[in-house]
Amino acid sequence: MSGFTITVAQQKGGSGKTTLAVNLAVEFWKRGHTVAVLDTDPQGSLGRWYMTRREELGADTGLEFATSSAWGVSYELEKLLKHNEIVVVDTPPKVDSDLRPAMRASDLVVVPVAVSQVDVWATESILEMAQRERKKTLLVLNRAAPRARLTAEIVSRIQELDSPAAETMLNNRVIYAEVLGEGQGVVEKQSSGPAAVEIRALCNEIADVLNS
């Protein structure tokens, strides 16, 4: 597995883009891949996570980090992919011309969908843009409560969208918020915990899509 760009995108804020991006990056690094993270969101949440990681671990974070404006994405990716097998890109919560360069340079667009009808509606425009750019997409149900009726309803709605959906569901767990503030991934904080199991399973699915 090498030379792949994974872009995490969603129109609606609060969908868990950054949390998903950092956990994918850490897990792929743990698997022995060279990994970089690229922050294109002006809010800079991914950058803050990385700076926290540097404070905790020192210079040896295991990951390369870069930031970019929307229109500098292709240039930054070209540099990062020269010495990284995987680059994970975090994007702003919107769908417009600012997102298109990151999507255009991607091998896979991962779309987190929180458990609400509003998030499902917001996902449609992301998928439309990805289709125009002829990019693979993978929907990921995020912050789910497995036994809740709403979760089942949203799963049904997702299956109606024009995109594959991951079988793996990320549940609403406190640890996802904790690691973001600690500069870690869940596989580092609790390597055998249920959140780590979820992330590993999701990365298996993503790897299968990228290698197909």
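Further up the page is the structure itself.
Caption draft 1: Summary view of the nonpolar core. Ranked by internal contacts, the top residues of the largest apolar core, which has 37 residues, are F28, V186, L202 and I206. Sorting elements by how many residues they give to this core places helix α9 (residues 194–211) first, with 8 residues. Not counting chain neighbours up to four residues away, the residues in contact with V186 comprise N23, I175, Y176, V179, S191, A195, A196 and I199. Counting 18 residues, the second-largest nonpolar core is a separate cluster that includes A9, M103, V113 and L141.

Caption draft 2: Representation of the side chain of R53. Tracing the chain through its elements places R53 in helix α2 (residues 45–57). Look at R53 and you get buried, because its relative accessible area is 0%. Contact partners of R53, with chain neighbours within four places excluded, come to V26, W29, G58, T61, L63, G183, Q184, G185 and E188.

Caption draft 3: Summary view of the layout of surface pockets. Here the largest pocket defines a volume of roughly 200 Å³. The wall of the largest pocket is formed by 13 residues, among which G14, K17, T18, Q43 and S45 lie closest to the centre. Of the residues forming the lining of the largest pocket, the biggest block, 3 residues, is contributed by helix α1 (residues 17–30). Taken together, the residues that form the lining of the largest pocket break down as 2 nonpolar, 8 polar and 3 charged.

Rules and cut-offs
- Residues numbered from 1 in each chain as written.
- Predicted model: local features only at pLDDT ≥ 70, side-chain atom pairs only at ≥ 80, totals over all residues.
- Heavy atoms only, no water.
- Core = buried A, V, L, I, M, F, W, Y, C linked by side-chain atoms within 4.5 Å.
- Buried < 20%, exposed > 50% of the residue type's maximum accessible area, 1.4 Å probe, protein only.
- Helix = DSSP H or I, 4+ residues; strand = E, 2+ residues; numbered from the N terminus.
- Contact = heavy atoms within 4.5 Å.
- 1 Å grid on protein atoms, 1.4 Å probe; cavity = no way out; pocket = protein on both sides within 12 Å on 5 of 7 lines; lining within 4 Å.
- Points joined across faces, edges and corners; volume = space filled by probe spheres on them.
- Nonpolar A, V, L, I, M, F, W, Y, C, P; charged D, E, K, R; others polar.

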